[in-house]
Amino acid sequence: MKTIGIVGAGQMGCGIALVCATAGLDVTLNDVDAQAAKRGINSISGNLARMVSKGKMTSDEATAALGRIRAGGVLAELIESDLVIEAATENIQIKEDILRNLDAIVRPGSVIATNTSSVSVTRLGSMLGDPGRFIGMHFFNPVPVMALVEVIRGLRTSDATVDATVAFTKRIGKQPICVSNSPGFVVNRILVPMINEAIFVLQQGLASAEEIDEGMKLGANHPIGPLALADLIGLDTTLAIMNVLYADFSDSKYRPASLLKEMVDAGYLGRKSGRGFFTY
């Protein structure tokens, strides 16, 4: 895999583009809004500059990496990609529409992946004529920092697709774990209900947001508290994951906290909106 297409120029898409480019791969960063793709490249440029200032790469390396990324606004530009990663918002209808279109464009033999944190890879793969070439790649935020990628096998994903995706993940400097398709997969199946429980604790007035996070950092040795982590993930994304778990398992232990739903309705989405459980 030498030529990578990424659909979605948000935080995750830009992070994936950055790590691919710094690994020496050519990247097309695509978005339905061509201007958003250009803004994404500007954001990547800023991240590369910060990496240079911290001594993580040289100025020449950053320039070379940025030169490997181009912005695109038309899916047809991804026709020759060896791997296309859909990194759109965590909305199943949007993802399904993108994947149907990609299936008609991307040449046979190329791998099509979804960067999803909770949506069924088997269901999304059914949008393709050949579900065997479809796989889940769950990158973690922030992508340049977090080492893990969950490689998620749908029911019809082929062994060759799994092997190629694992090799690619290692090539870009990430550590893959192979998991079966299930709501929330592994990490979010464990992590997001914990965050949701912290929100219940806050909702019930047992402690302040600061005290809850301090308790988990000092008492459980977590590097970041669950409420600050929710702000980093995005409260809308956190709610979307809980909704998937609740709907797919039909188990009340996965019901989202009403405070979480209220915060999202108010537009308090965390870091990206400037306010969540904390103010930024």
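Being a predicted model, the structure only gives us computed values, none of them experimental.

(A) How the structure looks around the environment of isoleucine 69. Relative to the helices and strands, isoleucine 69 is located in strand E3 (residues 69-72). With relative accessibility at 8%, the residue isoleucine 69 sits in the buried group. Sequence separation of isoleucine 69 and arginine 153 is 84 residues, and the distance between their C-alpha atoms is 28 Å.

(B) View of unusual backbone geometry. Proline 142 follows asparagine 141 through a cis peptide bond whose omega is 0°. Even without being a glycine, phenylalanine 185 presents a positive backbone phi close to 55°. Within the fold, phenylalanine 185 resides in the loop between strand E8 (175-180) and helix H7 (187-203). By relative accessible area, which is 4% here, phenylalanine 185 ends up buried. Although it is not a glycine, serine 250 adopts a positive phi angle of roughly 50°. Tracing the backbone through its elements, the reader meets serine 250 in the loop between helix H10 (235-249) and helix H11 (258-266).

(C) Structural context of the environment of valine 32. As for its placement among the helices and strands, valine 32 is situated in the loop between strand E2 (26-30) and helix H2 (34-53). Its relative accessible area of 82% is what places valine 32 among the exposed residues. Considering only alpha carbons, one finds valine 32 and isoleucine 98, 66 residues apart in sequence, at a separation of 9.9 Å.

(D) The UniProt feature "binding site: NAD(+)" (unreviewed entry) in the protein, seen in detail. This chain's UniProt record puts "binding site: NAD(+)" (unreviewed entry) on Gly8, Ala9, Gly10, Gln11, Met12, Gly13, Asp31, Glu90, Lys95, Ser117, Asn141 and Lys272. Residue classification places aspartate 31 among the buried positions, given a relative accessible area of 15%. Engagement of the side chain of aspartate 31 in a polar contact is seen with the backbone nitrogen of alanine 9, the distance being 2.9 Å. Mapped onto the elements, lysine 272 comes out in the segment after H11. A polar contact is formed between the side chain of lysine 272 and the side chain of aspartate 236, at a distance of 2.9 Å.

(E) Just the state of the cysteines, in detail. Tallied over the entire structure, the rule returns 0 disulfides. With no disulfide of its own, cysteine 14 lies closest to cysteine 20 among cysteine sulfurs, the gap being 12 Å. Left unpaired, cysteine 178 is separated from the closest cysteine sulfur, that of cysteine 20, by 17 Å.

(F) Quick peek at the nonpolar core. Ranked by internal contacts, the top residues of the largest apolar core, which has 37 residues, are Ile4, Leu29, Ile85, Phe139 and Phe168. Per element, the largest residue contribution to this core is 8 residues, and it comes from helix H1 (residues 11-22). Counting 20 residues, the second-largest nonpolar core is a separate cluster that includes Ala198, Ala209, Leu235 and Phe278.

(G) Seen up close, the sheet that holds E3. An order of E3-E2-E1-E4-E5-E6-E7-E8 is seen for the 8 strands of this open sheet, with the pairing classed as mixed. The sheet is open, and its two borders are formed by E3 and E8, each paired with just one other strand. Ignoring strand direction, the axes of neighbouring strands in this sheet form an average angle of 25°. Running over the sheet, H1 touches strand E1 (3-7), E2, E3, strand E4 (83-86) and strand E6 (134-139) and is turned about 170° from E2.

(H) Up close: the packing of helix H8 (residues 209-219) against helix H9 (residues 226-233). Between H8 and H9, whose axes approach to 7 Å, the crossing angle comes to 105°. By the angle class used here, H8 and H9 are roughly perpendicular. For the pair H8 and H9, contact is made by Ala209, Ile212, Asp213 and Met216 and by Pro226, Leu227 and Ala228, respectively. Grouping the amino acids of the contact of H8 with H9 by side-chain chemistry returns 6 nonpolar, no polar and 1 charged.

Scoring rules and cut-offs
- Residues numbered from 1 in each chain as written.
- Predicted model: local features only at pLDDT ≥ 70, side-chain atom pairs only at ≥ 80, totals over all residues.
- Heavy atoms only, no water.
- Helix = DSSP H or I, 4+ residues; strand = E, 2+ residues; numbered from the N terminus.
- Buried < 20%, exposed > 50% of the residue type's maximum accessible area, 1.4 Å probe, protein only.
- UniProt positions renumbered as here; feature names shortened; annotations may be inferred.
- Polar contact = N/O pair within 3.5 Å; in protein donor to acceptor, adjacent residues only side chain to side chain.
- Disulfide = S-S within 2.5 Å.
- Core = buried A, V, L, I, M, F, W, Y, C linked by side-chain atoms within 4.5 Å.
- Pairing = 2+ DSSP bridges.
- Axes fitted to C-alpha atoms, helices over the stretch in contact; angles between N-to-C directions.
- Contact = heavy atoms within 4.5 Å.
- Parallel < 35°, antiparallel > 145°, perpendicular 65-115°, else oblique.
- Nonpolar A, V, L, I, M, F, W, Y, C, P; charged D, E, K, R; others polar.

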